[in-house]
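What the coordinates show
So the chains spell out like this:
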Amino acid sequence: MAKKVIKLTESELNQLIKEATSKVLNEMDAATYSRIHNASHRAMQDIQNGNFQRSVNGTKVVDNDDIISRADSMEPDVQSHWLSNYIGQTFKFFGRSQMGLPAHVLFTFERITKFEPNKTVLVGTVTFNKNQISGDGIIVDFVKGRVQYHERGNRYAYNLEIDNRYKPMWDAFLNELKTALDSRKY
């Protein structure tokens, strides 16, 4: 079989690379996302133990500071690809007003700003009884099994309960987050 020579312009080559990279990033899952976290923490521990470089395959050496920097720069893009099924998704919760009345709380997910088992902060648009409010986002505590909204400038935290109509998607989202947390090595 004869080999075929294909000529590409620089922009066509760049487009091919961009598409291939996007395809790989779209295959991101919770365990892969956690490997970034694990590698950066392992690099930090190596530095603290006096090992400033790591041998990759016997011949290649990587600087541990570079591993930490690369993980930090990759994280936003990787997170957006990993959670692409949930970004822009609106979830409906029930909360209670300060007077104890049931309230509708809509939350449209955008990104994660803190990712820990006892306090995962999901940022997005929050609407409380038809009023868009500002705050730090929805707080998920996997340890205590609760979801809260804490309004900025207010000491009151609203406990939230997912509306059963949104529960399957919310449970799938929480399962994805929990899988990533469980895959982390601290």
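Structure's up top.
None of the values given here were measured: they were computed from a predicted structure.

What counts and what doesn't
- Residues numbered from 1 in each chain as written.
- Predicted model: local features only at pLDDT ≥ 70, side-chain atom pairs only at ≥ 80, totals over all residues.
- Heavy atoms only, no water.
- Axes fitted to C-alpha atoms, helices over the stretch in contact; angles between N-to-C directions.
- Helix = DSSP H or I, 4+ residues; strand = E, 2+ residues; numbered from the N terminus.
- Parallel < 35°, antiparallel > 145°, perpendicular 65-115°, else oblique.
- Left-handed = near helix turned anticlockwise from the far one by under 90°.
- Contact = heavy atoms within 4.5 Å.
- Nonpolar A, V, L, I, M, F, W, Y, C, P; charged D, E, K, R; others polar.
- Salt bridge = Lys/Arg side-chain N within 4 Å of Asp/Glu carboxyl O.
- Buried < 20%, exposed > 50% of the residue type's maximum accessible area, 1.4 Å probe, protein only.

Considering the packing of helix α2 (residues 30–48) against helix α4 (residues 167–183)
Where α2 meets α4, the closest approach of the two axes is 8 Å, and the angle between their N-to-C directions is 40°. Compared by their axis directions, α2 and α4 come out oblique. You can see that α2 and α4 cross each other, and the crossing is right-handed. In contact with Ala30, Ala31, Tyr33, Ser34 and Asn38 of α2, α4 contributes Glu176, Thr179, Ala180 and Ser183. Residue composition of the contact of α2 with α4, grouped by class: four nonpolar, four polar and one charged.

Considering the pattern of salt bridges
Scanning the entire structure with this criterion turns up six salt bridges. Taking the shortest distance from any N to any O, the salt bridge between Lys92 and Asp163 comes out at 4.0 Å. Linking Lys92 in strand β3 (residues 90–96) with Asp163 in the loop between β9 (157–162) and α4, this pair joins segments that are 71 residues apart in sequence. Pair check on accessibility: Lys92 and Asp163 agree, each one buried. Ionic pairing is found between Asp171 and Lys167, a salt bridge with its closest N-O pair at 3.2 Å.

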